[in-house]
Structure formats: structure tokens, C-alpha cells
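# Inside the fold
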Amino acid sequence: MGTPRHPIPDVPVIYLVEPTAKNLQGISNDLQKGLYSPAYINLLSSLPRVLLEEFATQTATTGTSDKIAQLFDQYLNFIVAEPDLFSLGMQREHTYWALNSAKTSDEQLDAVVDRIV
């Protein structure tokens, strides 16, 4: 999102990004500059409510919400190793070990399950 882009009027844009504050700010900046219209925003993982509210505030403040055609969580941030096997690419403490270890606290277990979901 850091590379300068030139406006292409009346051309739709498809964003496929991780839902971070920086990426959403970049999209908001593009919309405000009128680089593309409409915008189809596809997020690689679930958009946290705090970021959703911040993005909604940005688009409402700048009057660019009408330029967004869709916003979807695609849940594509996993790695396929084989047709019947995939990995979420999570750290060791967030994997099978954490889910099955007697040393995992209830709070850690809840956090791991929430992240997987």
C-alpha cells in the first residue's frame, strides 16, 4: 500500500489485504484521492471490530463510503501443504501443542481457539 499510484477513473479496484490499520488507512487514502471507483475490499482474515469502526469513521468523515462496493472477510490466511492438510501458519504456542498441553491455561486456550476461529 506504500507505493504511489496514479488515478484511473471509473475503474474498479480489488484489494486483497491483511486487515491492519495501515492497510485500511491506505485504502481510505486511495478512496479519498479518487484513484479508483468502485472498491472491492477483500480481507485475508477477520476484521476486528475496532478496526471496522475506525475504517467506517474514516470513510464517513471523508464521504467516500459510496465508493465501496463490497467488504468481505475471505479467511485465506492459511497454507495448504497437501489436498487434505493445511496449516494456519501460527506460532508453536498457537498450535496442536497448545491445544493439548496440560500447561496451557484456560485464558491461553480461549485465545488460541478465538484466533483459529
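Above this text you will find the structure in question.
Residues numbered from 1 in each chain as written. Predicted model: local features only at pLDDT ≥ 70, side-chain atom pairs only at ≥ 80, totals over all residues. Heavy atoms only, no water.

Moving on, we come to the pairing of strand β3 (residues 68-73). Two strands pair when backbone bridges link them, and strand β2 (residues 39-43) and β3 are joined in this way by five bridges, in the parallel orientation. Counterpart to Y40 in the pairing with β3 is Q70. Following the backbone out of β2, through helix α2 (residues 49-62) and into the adjacent parallel β3, one traces a crossover that is right-handed. (Pairing = 2+ DSSP bridges. Helix = DSSP H or I, 4+ residues; strand = E, 2+ residues; numbered from the N terminus. Right-handed = clockwise from strand over helix to strand, strands pointing away.)

Here the focus is the nonpolar core. A general feature of soluble globular proteins is that nonpolar side chains tend to end up buried together. Membership of the largest hydrophobic core comes to 14 residues, with the highest contact counts inside it found for Y15, L24, I27, A39 and I41. Those elements that provide at least two residues to this core are β1 (13-17), α1 (21-33), β2 and α2. (Core = buried A, V, L, I, M, F, W, Y, C linked by side-chain atoms within 4.5 Å. Buried < 20%, exposed > 50% of the residue type's maximum accessible area, 1.4 Å probe, protein only.)

Let us now look at the packing of α1 against α2. To describe two helices that pack against each other, one gives the angle between their axes and the distance between the axes. Close contact between α1 and α2 brings their axes to 10 Å; oriented N to C, the two are set at 15°. If you check the angle between α1 and α2, you find them roughly parallel. Crossing of α1 over α2 shows right-handed handedness. Contacts from A21, L24, Q25, I27, S28, L31 and Q32 in α1 reach L51, E54, F55, Q58, T59 and T62 in α2. (Axes fitted to C-alpha atoms, helices over the stretch in contact; angles between N-to-C directions. Parallel < 35°, antiparallel > 145°, perpendicular 65-115°, else oblique. Left-handed = near helix turned anticlockwise from the far one by under 90°. Contact = heavy atoms within 4.5 Å.)

Taking burial as the measure, the five residues of β2 include four buried ones, the bulk of the element. Relative to β2, β1 runs parallel, the two sharing five bridges. Note that in β2 the partner of Y15 across the bridge is I41. Handedness of the β1-α1-β2 crossover: right-handed.

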